[in-house]
Amino acid sequence: MATKIAVVASQDPETPEEGICPVLPVRDMVLFPGIIIPLFVGRPRSIRAMESALLQDKKVFVAAQTDNGTEDPESGDLYKVGTLCNVLQVVRVPDGTTKVLVEGIARMRVREYRLDKDILTAHVVPMPWIQAESAKLEPWRRRVLGSFERYNTLQPRIPSEVMASPTTHTRTASIAELNDLGQLINLIGSHISVKLEERQALLELQDVEEALSFLLRLLTEEIDILELEHDIQDRVRSVVDKQQKEYYLREQLRIIQNELGQEQEGEEELRYAER
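Throughout, residues of each chain are indexed from 1 in the direction in which the sequence is written. Totals for whole chains, interfaces and linings use every residue, but because this is a predicted model, local features are given only for residues with pLDDT of at least 70 and side-chain atom pairs only at 80 or more, for both listing and counting. Heavy atoms throughout the structure, all of them, feed into the side-chain values; hydrogens and water do not.

Bringing the overall build of the protein chain into the picture now. Think of it this way: any DSSP run of H or I at least four residues long counts as a helix, any run of E at least two long counts as a strand, and we number them from the N terminus. Secondary structure assignment for the protein chain yields six helices and seven strands. When the helices and strands of the protein chain are placed in sequence order, the string is β-β-β-α-β-β-β-β-α-α-α-α-α. Note on exposure labels: buried denotes an accessible area under 20% of the residue type's maximum, exposed denotes more than 50%, and partly exposed covers the range between, all computed with a 1.4 Å probe on protein chains only. Within the protein chain, the fraction of its 275 residues that count as buried is 40%. Whether two residues touch is decided by their heavy atoms; if any such pair falls within 4.5 Å, the residues are in contact. In the protein chain, once contacts between residues fewer than 6 apart in sequence are set aside, the share between residues at least 24 apart is 69%.

In structure tokens form, the structure reads like this:
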């Protein structure tokens, strides 16, 4: 559903208030706050939700489906935690779908899903982070950053300028610039290849230390898998290279033997002619 992801620096927005807003269900993805992402909307109810958002305050609540096969999800088909988003751009596509650019603002918990005039809405409440002392969180931050750098080396999923160096853009931040641990968790969580259920579990955590611990476990597991995959690829490549080398040498030997055989036959013919 999504192809390009932009990373947005934390602007310390005011905490969103409790309220009711249109719902945009999504398949195969979990949208985190601080991320700008394009979505393709084609289902009639979702299009009506977007139209309703545009007529109001351009806010929409993005929630992941628990079952991707459900075409018209109801309240029981969606997770109860999602992300409140700003609708930045809407483009009508000739095939009948709508391309929407949204920016995640904040995690919100659903009190109740409602079907109002064939538009799915949600009564949502904020989910502020539960912070611990900075000194206690700094070791977790360093380990998570180090693990993500290793992960990105094995499977690059984020531009190098975002990974390492500060930029001059006002809204784009490198990981090195992110002092907000919540935003750091959101950024890394949006870029690791894990199951939807694990992404959703990360989104639902409110305790920063618990979220960092969970994220570190996910990264460690993925790094182990990626390192094993790279090791297998290296072994396969080594075997293939060895086989190709042996084939090349055998072909060389065969050609040399043929050449020697032809030379020997020529010498015998010459000796026979001289008699």
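What follows concerns helix H4 (residues 181-189). Most of H4 sits out of view: nine of its nine residues are buried. Burial in H4 covers these residues: Leu181, Gly182, Gln183, Leu184, Ile185, Asn186, Leu187, Ile188 and Gly189. Capping of H4 at its N-terminal end is provided by Asp180; its side-chain oxygen lies 2.9 Å from the backbone amide nitrogen of Gly182. In the analysis that follows, any N or O atom pair within 3.5 Å is treated as a polar contact, provided that within protein one partner can donate a hydrogen and the other can accept it, and provided that, for residues neighboring in sequence, both atoms belong to side chains.

Now for the pairing of strand S6 (residues 98-116). Judged from the six bridges that link them, strand S3 (residues 35-41) and S6 form a sheet pairing that is antiparallel. Across the sheet, residue Ile36 finds its bridge partner in S6, namely Glu103. As paired strands, strand S5 (residues 81-92) and S6 are joined by 11 bridges and run antiparallel to one another. Bridge pairing in S6 places Val90 opposite Val100. Any two strands with at least two DSSP-identified bridges between them are counted as paired. Connecting the antiparallel pair S5 and S6 is a turn made up of five residues, with Gly96 showing a positive phi of about 100°.

Before going further, it helps to spend a moment on the nonpolar core. Nine residue types can take part in a nonpolar core, namely buried Ala, Val, Leu, Ile, Met, Phe, Trp, Tyr and Cys, and a core is a set of them joined through side-chain atoms within 4.5 Å. In this structure, Leu31, Val60, Ile188, Ile192, Leu215 and Leu219 are the most contacted members of the largest nonpolar core, which totals 52 residues. With 10 residues, helix H6 (residues 208-274) is the single largest residue contributor to this core. Residues Val23, Phe61, Tyr113 and Ala122 belong to the second largest nonpolar core, which totals 12 residues.

Looking at the protein chain, the pLDDT average stands at 82 and 82% of residues meet or exceed 70. pLDDT is a residue-level measure of predictor confidence that goes from 0 to 100. Scored below 50 in pLDDT, residues 1-13 shows 38 contacts in the model against residues more than four places distant or in partner chains. Of the regions scoring below 50 in pLDDT, residues 165-172 engages in 14 contacts with residues more than four places distant in sequence or in other chains.

Considering the arrangement of structural elements, one finds Gln155 in the loop between helix H2 (134-154) and helix H3 (160-163). Residue Gln155 is classed as partly exposed on the basis of its relative accessible area, which comes to 24%. Note: C-alpha distance between Gln155 and Glu222 (67 residues apart in sequence) is 9.9 Å. Other than its neighbours up to four places away in sequence, Gln155 contacts Ser193 and Leu226. Separated by 3.1 Å, the side chains of Gln155 and Ser193 make a polar contact.

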